[in-house]
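# Structure assessment
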Amino acid sequence: MNCMPSYKPAKGSPSAALWGATLGFFIGFGAVSLFGPTAAAFKTVMHLTPSMIGILVAIPMLTGSLLRIPFGAWVDSEGGTRPFIILLGLTLLGLLGLYTVLLTLYPDRLGPAAYPLILVLGALAGCGIATFSVGIGQVAYWFPIQQQGRALAIFAGLGNASPALSTVFLPWVTSRWGLSPAYLASATVMLVGILAYIRLGHNAWYFQFRHQGASVVDATQCAKTEGEELFPHGLAIEGLKIAARTWQTWPLVLLYFTTFGGFLALTAWLPTYGHELFHLPLGTAALIAAGFALFSSLIRIPGGIWSDRWGGEPVAVISLFCLLLGAAITSFSDTLFLSIPGLLLIAAGMGVNNAAVFKMVPQYVGKAVGGAAGWVGGLGAFGGFAVPPLLGWFAERWGTIGYARGFLVYVVLAIVSLGLAAWLHFSEQKCAASAKTSS
């Protein structure tokens, strides 16, 4: 079939789409650090307890995780461009709302009564975090199966680096111009990023032909002539149903809860951890959090390459063992000398496992990548909301040393996740052996 006379030529290329989606995710994901670097300022004027701070730094992850489910699935029927723009637009509204509240109330009138409003605006600003599952689907449909581990690792690794920059950027702007200008600067960056994404972001060829009015059969055939290999099956709700019926989806959710949800939680919590446990200046504590976020994000790229080479399952097992070791060290350390190596092990384990998980998503749920990315990315990222209040509870119960003991949460999560990763590994080996025998 010759598609060109019937339909306009498809725009973009896999590499261009990868960079466009990565940019969109990068600017949206910065909301992970929305409150962590500035928590001390809110604590002082609003008289917040450790548990309230835990909820504050975690609240952007609530919407950022739960919205990943419907928006990730929406990619299977719509493509990624429209979901991306909607989520980033909601984030911009939240940032502008925070700027307005802080401009008019901070510091004298920003008392405890304003806490619910700050939480609501933080939840709105966190919508951009959900661009992850949208970008996973958008990138996956562009690339051949054999290249997806590397492509998705680049997308997620570079996109995940934005909290590291935000963690340094927000305190720097705050120290020079004040709290409200810091959020105005964030809103300005978001607006520029949205405009750049609109120019660069393109859906995969299949969706472009569908939007021109092509039938499913014609769009599929035309996209195949362009080189596309992966195609959606059914509407968004069907993608969610297919993924939910695939049993491997649920172990992957729990693995991602531990390492990506855990990553979100620590990126937001580490400034408070360093300041309260080691009495570090806020700027220094923020630099430690930024280093953690940047290292964990960038190591995701080689993690994707290793997963392409050796398989996601064995890479996940090794990375989770690193996480377990690092969490055990940090749980019982009251010195920065021991805690830094522990945090590095945690960061490495989380970053590599995150890449391994999304190497396995198209492998196990190739017929509904967007739906699977929604479940895994959404419920997995919910750990970013669930874990910080637990860390705050340890601090309230045990005092200052509780900031270290809170890492026992990660010890437990790592042990459970190791068992699940081993289960996936042996199940995959068994399936491969059965297929070889039957052939």
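Since we're looking at a predicted model, the values are computed, not measured.

### Section: the overall build of the protein
Within the protein, the secondary structure is distributed over 22 helices and zero strands. Dimensions of the protein, computed from C-alpha atoms along their principal axes, come out at roughly 70 × 50 × 30 Å. Buried residues in the protein amount to 59% of all 439 residues. A separation threshold of at least 6 residues defines the contact pool for the protein, and within that pool the share at least 24 residues apart is 84%. Just so you have it, the protein exposes about 16,600 Å², and 69% of that area is on carbon and sulfur atoms. Charged side chains in the protein number 21 positive and 14 negative. The centres of these two groups are separated by 1 Å.

### A word on the pattern of salt bridges
Per the counting criterion, the structure on display carries three salt bridges. The residue Lys43 makes a salt bridge to Glu276 at a minimum N-O spacing of 3.2 Å. Placement of Lys43 in helix H2 (residues 39-46) and of Glu276 in helix H14 (residues 249-277) is noted, with a sequence separation of 233 residues between them. On the accessibility criterion, Lys43 (31% relative accessible area) is partly exposed. For Glu276, a relative accessible area of 22% gives the class partly exposed. Across the salt bridge formed by Lys359 and Asp308, the nearest N and O atoms sit 3.0 Å from each other. Of the two residues, Lys359 sits in helix H18 (residues 336-364) while Asp308 sits in helix H16 (residues 300-310), which places them 51 residues apart along the sequence.

### Considerations on a nonpolar patch on the surface
Residues Phe295, Leu336, Ile340 and Leu344 make up a contiguous nonpolar surface patch of about 290 Å² in total accessible area. The biggest single contributor to the nonpolar patch is H18, with three residues. Tracing the backbone shows Phe295 in helix H15 (residues 282-298). By relative accessible area, which is 34% here, Phe295 ends up partly exposed.

### Let's talk about the packing of helix H4 (residues 68-78) against helix H19 (residues 369-381)
Closest axis-to-axis distance for the H4/H19 pair is 7 Å, and the angle between their directions is 165 degrees. Between H4 and H19, the angle is such that the two are roughly antiparallel. Crossing of H4 over H19 shows right-handed handedness. For the pair formed by H4 and H19, the contact residues are Arg68, Ile69, Gly72, Ala73 and Asp76 on the first element and Val369, Gly370, Gly371, Gly374, Trp375, Gly377, Gly378, Leu379 and Ala381 on the second. Taken together, the residues of the contact of H4 with H19 sort by class into six nonpolar, six polar and two charged.

### Things to note about H4
Of all 11 residues in H4, eight are buried, a share of seventy percent or more. Immediately downstream of H4, the backbone of Gly79 shows phi near 90 degrees, a positive value.

Calculation rules
Residues numbered from 1 in each chain as written. Predicted model: local features only at pLDDT ≥ 70, side-chain atom pairs only at ≥ 80, totals over all residues. Heavy atoms only, no water. Helix = DSSP H or I, 4+ residues; strand = E, 2+ residues; numbered from the N terminus. Buried < 20%, exposed > 50% of the residue type's maximum accessible area, 1.4 Å probe, protein only. Contact = heavy atoms within 4.5 Å. Areas by Shrake-Rupley, 256 points an atom, 1.4 Å probe, with all protein chains shown as cover. Lys, Arg positive; Asp, Glu negative; His and termini not counted. Charge placed at Lys NZ, Arg CZ, Asp CG, Glu CD. Salt bridge = Lys/Arg side-chain N within 4 Å of Asp/Glu carboxyl O. Patch = residues over 30% accessible without salt bridge, like charges linked within 9 Å, V, L, I, M, F, W, Y side chains within 5 Å. Axes fitted to C-alpha atoms, helices over the stretch in contact; angles between N-to-C directions. Parallel < 35°, antiparallel > 145°, perpendicular 65-115°, else oblique. Left-handed = near helix turned anticlockwise from the far one by under 90°. Nonpolar A, V, L, I, M, F, W, Y, C, P; charged D, E, K, R; others polar.

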